[in-house]
Amino acid sequence: MATSHSVTVQSGKKDANWYVSGRYYGHNGIYKVGDEKYRRYNFRAKGSVKIRPWMALSNNISFMKSTYHQPMVNNQQMITRQLDLYAYPFAILRNPDGTWTETAVRSGYTSFAEGTSWQENSKMTISSTSALTLDIIRNRLKLCADFTYRAGRHGRDKMENKYTYWSGTDVSGTDKASSSLENKTYKTDYISTSVVGTLTPGLGRYNRLSIMAGWNLEDYVQKTSKTYRQGNLYPSKPSFTLMDGDYYSTESGGKSWGLVGFFTRVDYALKDRYMAEFSARYDGSSKFPTRSKWGFFPSVSAGWRISDEPWIRSCSGQCLSNLKLRVSVGSLGNANIDPYQYLETMRATGSSSVANTTIVLNGMRVPYTSVPNLVPDNMTWEKVTTYNIGMDLSMFADKFSFTADLYRRRTTDLYTVGPDLPHVLGSSAPSGNYASLKTSGWELSAGWHDSMRLAGKRFSYSVKAMLWDSRSYVTSYYKGMEIGEIWGFKTDGIYASNAEAEAGPSYSFFKNGEMFRAYAGDLKFVDLDGDGKMSVGNRTLSDHGDLTIIGNQSPRLQYSFGISLNWNGIGLSMLWQGVGKRDWYPWTESGFFWGKWNRAYNALMKSQTGDNRVKVDKSSDNWIVTNMDKRPYWTRMVSLAANRNNGPLTWENDHYLQDASYIRLKNLTLDYTFPLAMCRRIGLSGLKLYFTGENLFTWSPMFRHTDMFDPEVISSGDSDFENTLTPGLGKTGNGYSYPMLKTYTFGINLTF
């Protein structure tokens, strides 16, 4: 259950105006067991005043405070992963004497129910922007200066307690060796300021010129601190003073960076028919060494409003409202990397520069640090240059609109991990500007809006659709690679018998504790290189064995479609969105997909029952699949087949490659606005009731084989719990992320 309340008050006159708003949002979480709460408070106030006819002062201040308390599973595991691994449907939570069972403790149910293992995030952000505008020469020369300060004070407390389970009268255990408490704070201060001047000279009726130039500065400082100790004496009373553990640690860190930029823009239009613009930035960042701090990023564009040409007006009549062609080329700089990457930094552990040795020397543990890692030869701005051609079209008194864009984007000096270095060097390759990228794409949008009389009342409607696509290729470093490509094995169905399997290529590459050869009911992998065995070679472009490109995980052919209707105060709107093409292969440990093919004690998915799975007759040495006519999707059940580094299903293959395209009803809103006369009779100037639903319907071809995943969020989890960005054995797999929820909102808007 979620609750949201907001209020807005505003007023103003010719020389002064103000606006104040506030909002509260609360959500009680999705767990039936466990105390999950999210609370957020927002406040904003802004106003402006004319000090003189040529001078105006404005300020915009905002405040946000939030707290999020969530129950946790020990060792920072995902609760959904623990349920997948340990929450067996036939297991019980408590023993007859009321003690916890191992299932209850290891699945995380105990920590949720007792409420003594949790994480609480608190955030507070305040931001203020003040601006002074000087109209030095009315309608000709304007100067604007602004200053912004934003402060963030964030904290995170994490409490982990251990729980005892009983497997017998005198047999017990705990889910972890020790309990702990952790406190981490983040303090951020951000300052930015800019001065912008705009000159608009009068050049007559047909010429329009605008010249803008300015300067901006940004400064960011972050400081962090962390305290950790083990041994909670009182699980319900978290305090570092109520702990007896010998192990504790304190850490502090931070980072800072600065940016200075100069920019300009010149706009020119002739008869509002022929338009040209030139802009440029010259930016310097502290994240780069002295010789490469600065970057120059120019852009130029031109437009032609064909619809204003006399020769086309004479033939188009009232049909054509606007037709404009656009062309542009421009570059932007990207400095979105952590600072200090070009410095040789010494580090003893993952987060400390100096630590004590574990070996006693001369009767004491002495401090040490490490040899610094390699740094790149050079570091500089990533440069993104975009070439674009587009068209804007509107017709029939602007009722119909259409926009099309075709673009080519080139990214040079792309920041990535450097080339492989010899192992004898004893150091990993540093990250630097080693690659380049090429992206080609297009975007289309079309809309129609109109109104008419229906039953004596005005009926208005609008429709808008968008479709876009792009593909990116690496042009250096790994030349020709398409971003998102999936390498894997080709398959040719399922072996119908042992005799057929024995005639196929050797499966000695696959190892999962049971299967070193193929049997009836196993996947029929294709030996692409013809050497009589399945292999991955050296996993290089020149030697990749039987691997080939089988798909691409990048979303393609993305689209959205919206419609809005309004009649007699009744409004209906909906927004559909989706992806037309996307491939996905479930990672190792994706138990919600693989089921018992992952681990023997995982659940059997409903899509893996009946004739969806091969049925093998093992009454003779020549096993035979008896339901091949039913076209079973799931192969012979082999535990750990998808749970070992070289398991037969761990490596991507086109049989289990999923079509993750989808369509989703993202938003549906139904509202009723009361007549103004009725509102005035009760002292209101406006009253609206509304219902909004989000994510109400989703369809994907993937649902033919599994409905345990949200195609919009096929990720592996939540960074608050475990680092789940890397696939592999022992990781969390896919499908453990916080779900995309269906929400139903009922609300009322009052205007006084």
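Positions within a chain are numbered from 1, following the residues in the order the chain's sequence is written. Two thresholds apply to this predicted model, a pLDDT of at least 70 for residue-level local features and 80 or more for giving and counting side-chain atom pairs, whereas whole-chain, interface and lining totals are computed over all residues. Only heavy atoms go into the side-chain values, all of them from the structure, while hydrogens and water stay out.

A. Representation of the pairing of strand β1 (residues 2–12). Two strands are counted as paired when DSSP detects at least two bridges linking them. Where helices and strands are cited, they refer to DSSP runs of H or I of at least four residues and of E of at least two residues respectively, numbered from the N terminus. As judged from the eleven bridges shared by β1 and strand β2 (residues 16–27), these two strands associate in the antiparallel manner. Counted as the bridge partner of Thr3 is Gly26 from β2. Between β1 and β2, which pair antiparallel and follow one another directly, the connecting turn spans three residues.

B. Representation of the environment of Glu502. For Glu502, the location among the structural elements is in helix α5 (residues 498–502). Along the backbone, Glu502 and Ala518 are 16 residues apart, and their C-alpha atoms lie at a distance of 7.0 Å.

C. Expanded view of unusual backbone geometry. Positive phi is not limited to glycine here, since Ala455 has a value of about 55°. Its relative accessible area of 70% is what places Ala455 among the exposed residues. A positive phi angle, near 50°, is found at Leu557, a position not held by glycine. Mapped onto the elements, Leu557 comes out in strand β25 (residues 556–567). Think of it in three bands: with a 1.4 Å probe and only protein chains considered, a residue is buried below 20% of the maximum accessible area for its type, exposed above 50%, and partly exposed in between.

D. Summary view of the nonpolar core. What makes a nonpolar core is a set of buried Ala, Val, Leu, Ile, Met, Phe, Trp, Tyr and Cys residues whose side-chain atoms join them at distances within 4.5 Å. In terms of nonpolar packing, the biggest core is built from 40 residues, with Phe489, Trp594, Leu649 and Tyr656 touching the most fellow members. Put simply, the parts of the chain that give this core at least two residues each are β23 (523–525) and α6 (591–594). Element by element, the count of residues in this core is highest for α6, at three residues. Counting residues in hydrophobic clusters, the runner-up holds ten residues, among them Tyr190, Phe288, Ala335 and Ile337.

E. Inspection of helix α1 (residues 79–86) at higher detail. All of the buried residues in α1 are Ile79, Arg81, Gln82, Asp84 and Leu85. Those residues of α1 that are buried are in contact with α2 (102–107), α3 (109–114) and α6. Working rule for contacts: check all heavy atoms of both residues, and any pair within 4.5 Å makes them a contact.

F. Structural view of the environment of Leu454. Structurally, the position occupied by Leu454 is in strand β19 (residues 431–454). By relative accessible area, which is 42% here, Leu454 ends up partly exposed. Sequence separation between Leu454 and Asn568 is 114 residues; the distance between their C-alpha atoms is 9.3 Å. Contact partners of Leu454, with chain neighbours within four places excluded, come to Phe459 and Trp567.

G. Seen up close, the packing of aromatic side chains. Centres within 6.5 Å are what make two rings of Phe, Tyr or Trp a pair, Trp counting through its six-membered ring; a difference in plane orientation under 30 degrees is then read as stacked, over 60 as edge-to-face, and the rest as tilted. Counted by the stated rule, this structure contains 41 aromatic pairs. Summarising the aromatic geometry, the rings of Phe509 and Trp651 are spaced 5.8 Å apart at their centres and angled 55° between planes, so their arrangement reads as tilted. Residue Phe509 is located in the loop between α5 and β23, and its partner Trp651 is located in the loop between β29 (624–625) and β30 (658–659); the two are separated by 142 residues in the primary sequence. By the ring-pair criterion, three or more aromatic residues cluster together here, those being Trp584, Tyr585, Phe593, Trp594, Trp597, Tyr633, Trp634, Tyr656 and Phe709.

H. How the structure looks around the pattern of salt bridges. The working definition used for a salt bridge is a side-chain nitrogen of Lys or Arg within 4 Å of a carboxyl oxygen of Asp or Glu. Counted under the stated rule, the structure contains 26 salt bridges. Residue Glu589 pairs with Arg81 through a salt bridge whose shortest N-O separation is 3.6 Å. On the criterion of sequence distance, the pair formed by Glu589 in the loop between β27 (583–584) and α6 and Arg81 in helix α1 is long-range, its members being 508 residues apart. Comparing Glu589 with Arg81, the two get one shared label, buried. Through salt bridges with shared partners, a single ionic network connects Arg664, Lys666, Asp710 and Glu712.

I. Expanded view of the side chain of Ser192. Relative to the helices and strands, Ser192 resides in strand β9 (residues 180–199). Judged by its relative accessible area of 13%, Ser192 is buried. For Ser192, the residues in contact, after removing those within four places along its chain, are Asp146, Phe147, Thr148, Leu217 and Glu218.

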